[in-house]
Amino acid sequence: MPAPRLRIRAIELYERPVRFVKPFRFGAVTVEAAPQAFVRALVDVEGHGEAWGATAEMMMPKWFDKRPDHSPAQTVDGLRRSLVEAREAYLADSRLDTAFGHHAAFTPTMEPKLAAAFGPAQIDKAVLDGLLRVLGLNAFQGLGANVAGLDARLTPDLAGFDLDGFLGGLSPLAEVELRHTVGLLDKPEDLARHAHLRWFKIKLGGDVAADVERLAELAAVLEQSAPGYRATLDGNEQYRDAPHVAELLDHIDASPALGGFRRALAYLEQPIAREAALARPLGAVAERVPVIIDESDDGYDAFPQARVLGYRGVSSKSCKGLYKAMLNRARCAAWGPPHFISAEDLTCQAGLSVQQDTALVAFLGIPHAERNGHQYGGGFGSEAEGTAFLDAHPGFYERHADGTVRLATGSGRLATAPLSGPGFAHIADPDWSGLSPLSNPTSALSEGVHP
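Since the model is a prediction, treat every value here as computed from it, not as a measurement.

J.: Could you clarify how one ought to interpret the overall build of the chain in this entry?
T.: When you go through the chain residue by residue, the secondary structure sums to 16 helices and 16 strands. Whereas a compact globule of 451 residues would reach a radius of gyration of roughly 22 Å, the chain reaches 21 Å, a difference of no more than 12%. For the chain, the residues scored as buried account for 62% of the 451 residues in total. Sequence separation of 24 or more characterises 75% of the internal contacts of the chain that already satisfy a separation of 6 or more. Charged side chains in the chain number 44 positive and 57 negative. The centres of these two groups are separated by 2 Å.

J.: Can you help me understand the packing of helix 13 (residues 322-335) against helix 14 (residues 352-364) in this one?
T.: Two measures define how a pair of helices packs: the angle their axes make with one another and the distance between the axes. Following both chains from N to C, one finds helix 13 and helix 14 inclined at 15 degrees, their axes separated by 11 Å at the closest point. Classified by the interaxial angle, the pair formed by helix 13 and helix 14 is roughly parallel. Crossing handedness for the pair helix 13 and helix 14: right-handed. Only Leu360, Phe363 and Leu364 of helix 14 make contact with helix 13, whose side of the interface consists of Leu322, Ala325, Met326 and Arg329.

J.: Could you clarify how one ought to interpret helix 7 (residues 208-225) in this entry?
T.: At 3.6 residues per turn, the α-helix brings residues three or four places apart onto the same side. When the terminal C-alpha atoms of helix 7 are compared, their 26 Å separation across 18 residues agrees well with the 26 Å that a helix rising 1.5 Å per residue should span. Among the residues of helix 7, those classed as buried are Val208, Asp211, Val212, Arg214, Leu215, Leu218, Ala219, Val221 and Leu222. Packed against the buried residues of helix 7 are strand 4 (175-182), strand 5 (199-203), strand 6 (230-234), helix 8 (242-254) and helix 9 (259-264). Residue aspartate 207 occupies the N-cap position of helix 7, its side-chain oxygen lying 3.2 Å from the main-chain nitrogen of alanine 209.

J.: Explain the environment of aspartate 429 here, please?
T.: With respect to the helices and strands, aspartate 429 occurs in the loop between strand 14 (413-415) and strand 15 (436-437). C-alpha separation for the pair aspartate 429 and histidine 251, spaced 178 residues apart in sequence, amounts to 49 Å. Not counting residues up to four positions away in its chain, the partners in contact with aspartate 429 are Glu385 and Phe389. There is a polar contact of 2.7 Å between the side chain of aspartate 429 and the side chain of histidine 426.

J.: Help me understand helix 4 (residues 118-135), please; the structure alone is not making it clear to me.
T.: With 18 residues, helix 4 ought to run about 26 Å at 1.5 Å a step, and its terminal C-alpha atoms sit 26 Å apart, in line with that. Downstream of helix 4 by a residue or two, glycine 136 has a phi angle that is positive, lying close to 70 degrees.

J.: Explain the environment of alanine 325 to me, please; I cannot follow it from the model alone.
T.: Following the sequence through the fold, alanine 325 ends up in helix 13. In the structure, alanine 325 is positioned 17 residues away from serine 342 in sequence and 9.7 Å away in space, judged by C-alpha atoms.

J.: What's the story with the packing of helix 7 against helix 8 in this structure? I'm lost.
T.: Where helix 7 contacts helix 8, the axes come no closer than 10 Å and their chain directions differ by 35 degrees. Crossing angle aside, the handedness with which helix 7 passes helix 8 is right-handed. The segment helix 7 lies against helix 8, with Val208, Asp211, Val212 and Leu215 engaging His244, Glu247, Leu248, His251 and Ile252.

J.: Got a minute to help me understand the pattern of salt bridges in this structure?
T.: Close approach of charged atoms lets side chains of opposite charge pair. As enumerated under the stated definition, the model contains 35 salt bridges in all. The residue lysine 66 makes a salt bridge to glutamate 295 at a minimum N-O spacing of 3.0 Å. Highlighted residues: lysine 66 in the loop between strand 3 (49-58) and helix 1 (72-92) and glutamate 295 in the loop between strand 8 (291-293) and helix 12 (302-308), separated in sequence by 229 residues. Residue classification places lysine 66 among the partly exposed residues on the basis of a relative accessible area of 23%. Across the salt bridge formed by glutamate 177 and arginine 198, the nearest N and O atoms sit 3.2 Å from each other. Taken together, the residues span a long stretch of sequence, with glutamate 177 in strand 4 and arginine 198 in the loop between strand 4 and strand 5 at a distance of 21 residues. Look at glutamate 177 and you get buried, because its relative accessible area is 10%.

J.: How do you make sense of the nonpolar core when you look at a structure like this?
T.: Side chains of a nonpolar character, in soluble globular proteins, are inclined to be buried together. Counting residues in hydrophobic clusters, the biggest one holds 143 residues, and the most contacted among them are Phe261, Tyr323, Met326 and Tyr397. Excluding its chain neighbours within four sequence positions, the residues that come into contact with tyrosine 397 are Ala350, Gly351, Val354, Gln355, Phe380, Phe389, Leu390, Val405, Arg406, Leu407 and Ala408.

J.: What exactly am I supposed to notice about the pairing of strand 10 (residues 340-343) here?
T.: Taken residue by residue, a regular strand's side chains alternate between the two faces of the sheet. Here four bridges tie strand 9 (residues 313-316) to strand 10, and the two strands are oriented parallel to one another. For glycine 313, the partnering residue across the bridge sits in strand 10 and is phenylalanine 340. On the question of chirality, the crossover connecting strand 9 to the parallel strand 10 by way of helix 13 is right-handed.

Calculation rules
- Residues numbered from 1 in each chain as written.
- Predicted model: local features only at pLDDT ≥ 70, side-chain atom pairs only at ≥ 80, totals over all residues.
- Heavy atoms only, no water.
- Helix = DSSP H or I, 4+ residues; strand = E, 2+ residues; numbered from the N terminus.
- Rg over C-alpha atoms; globule rule 2.2 N^0.38 Å.
- Buried < 20%, exposed > 50% of the residue type's maximum accessible area, 1.4 Å probe, protein only.
- Contact = heavy atoms within 4.5 Å.
- Lys, Arg positive; Asp, Glu negative; His and termini not counted.
- Charge placed at Lys NZ, Arg CZ, Asp CG, Glu CD.
- Axes fitted to C-alpha atoms, helices over the stretch in contact; angles between N-to-C directions.
- Parallel < 35°, antiparallel > 145°, perpendicular 65-115°, else oblique.
- Left-handed = near helix turned anticlockwise from the far one by under 90°.
- Expected span 1.5 Å × (residues − 1).
- Polar contact = N/O pair within 3.5 Å; in protein donor to acceptor, adjacent residues only side chain to side chain.
- Salt bridge = Lys/Arg side-chain N within 4 Å of Asp/Glu carboxyl O.
- Core = buried A, V, L, I, M, F, W, Y, C linked by side-chain atoms within 4.5 Å.
- Pairing = 2+ DSSP bridges.
- Right-handed = clockwise from strand over helix to strand, strands pointing away.

Spelled out as structure tokens, the structure:
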């Protein structure tokens, strides 16, 4: 059955400030607050009717755009510009087309490409949500039936690959295991509070000696409190090149205190700055540890380029585009082992953002996911909003002793059944009346971020 065609009738853009409950440091930036974008899209599905879809995503400073001559405020404004550019282009396209067809017809003009992809990625999620709501399908049913009309026009390397059969053959996971993020400001002793978890993601700072010393401190706590743990490392582009990464691995391998950690290490995420990461092969580093791209994943051609250079994986993040994640997952199936896709998190906040990203992770069959947003973000916009989401998705959230509603992380896993209502993991709504229209992209974010 062909994917239904639709028109996008309206797109609304909002934002809300989120103050973090503790600072989060990655790379050279410490974030204490950032705005969260909200998108609503009205879709008219041919022969079926209309519905509003919605999504949300953090506008993190100095991640999508790490150019040193751009301030944190300017990088957030770039994400706003990306949203505005995508809204204007999508609304100007009055054709009947599939959801993926509307996505494929838009070519962003901004730089850098990772920031340019932010706007269409959010609108695509809202459009898909509206489509699924019209059809009365949940995320797992709709993605499996390819109602978005995913094809290989943007990924010619997948020409001839049976995308419909592949998507229909995926078995969504009933649970996604949590991977706890250890930020650069987090104290090693705090890890003992997360002994019920098995997976941990550790941020690196780019100074080999300091990183190895800190890893030894963290490993000592993990081996004591979470025996049998597994770990990933996130370089956040802080290493210069492959020889610099090799130096890090040499020091880890030479450290008696890190023998257990080395055996627990599953992969290394984007250690090299994006400007250099795909410039030359990883060489011997690729044989020592699986390395994946994250920030370098700024277009449909990035993963194939990285593969040639020795990279073995790529991250899935809804903020970078759900269709790209799905097609990269198909590539992993087409190429076979050792290629894989991981599930990472750019502080997905409670509500639509973390629900939709977790549903995508479960659909793609990725067994564990970094889910750090609930540790750092301030949660829902109000008590009433939190209660609405708790009531709509029981088992996915829980009410803490202080009255706040947070992810239900006590088991170390997130159940996905609570996300299986009609739409893209969207039953309850944020308090739309409490949101502000998206700020003019020339405005400045004056606080909350310190380089």
